[in-house]
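Chain by chain, the residues:
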Amino acid sequence: MAGFGYERARDELVNVVKILEQGGLDLDESLALWERGEALANRCEEHLAGARKRVEDALHRTDLEQPQ
């Protein structure tokens, strides 16, 4: 999962949620899917945090380059 891009992690997370919402799974299957969903959500957050940092860095560089 470490190699998943944002879109793949998000799409798989959406699929996990759909399966869990449908129900009908036994407890062990539900817990395994829940854990996978948590890991996928964390992967998405990592990507979003990285993107946020890149935007903040770019804005900071732009501020430094502009004459005061």
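Quick caveat, the model's predicted, so the values are computed rather than measured. (Residues numbered from 1 in each chain as written. Predicted model: local features only at pLDDT ≥ 70, side-chain atom pairs only at ≥ 80, totals over all residues. Heavy atoms only, no water.)

## Concerning the pattern of salt bridges
Okay, so step 1: For the structure on display, the rule yields five salt bridges.
Okay, so step 2: Salt-bridge contacts for Glu 12 lead to Arg 36; the nearest nitrogen and oxygen are separated by 2.5 Å. You can see Glu 12 sitting in helix H1 (residues 6-22) and its partner Arg 36 sitting in helix H2 (residues 27-65), a full 24 residues away along the chain.
Okay, so step 3: The partner of Arg 43 in a salt bridge is Glu 46, with the nearest N and O atoms 2.7 Å apart. Residue Arg 43 and its partner Glu 46 are located together in helix H2, separated by three residues, close to a single helical turn.
Okay, so step 4: Judged by its relative accessible area of 17%, Arg 43 falls in the buried class.
Okay, so step 5: Glu 46 sits in the partly exposed class, given a relative accessible area of 48%.
Okay, so step 6: Three or more residues are tied together by salt bridges with common partners; here these are Arg 8, Glu 12 and Arg 36. (Salt bridge = Lys/Arg side-chain N within 4 Å of Asp/Glu carboxyl O. Helix = DSSP H or I, 4+ residues; strand = E, 2+ residues; numbered from the N terminus. Buried < 20%, exposed > 50% of the residue type's maximum accessible area, 1.4 Å probe, protein only.)

## Considerations on the nonpolar core
Nonpolar side chains tend toward joint burial in soluble globular proteins.
Okay, so step 1: Counting residues in hydrophobic clusters, the biggest one holds six residues: Phe 4, Ala 9, Val 16, Leu 33, Leu 40 and Cys 44.
Okay, so step 2: Listed by contribution, the elements that provide at least two residues to this core are H1 and H2.
Okay, so step 3: The biggest single contributor to this core is H2, with three residues.
Okay, so step 4: Once you skip the residues sitting within four places of it in the chain, Leu 40 turns out to touch Met 1, Phe 4, Ala 9, Glu 12, Leu 13 and Val 16. (Core = buried A, V, L, I, M, F, W, Y, C linked by side-chain atoms within 4.5 Å. Contact = heavy atoms within 4.5 Å.)

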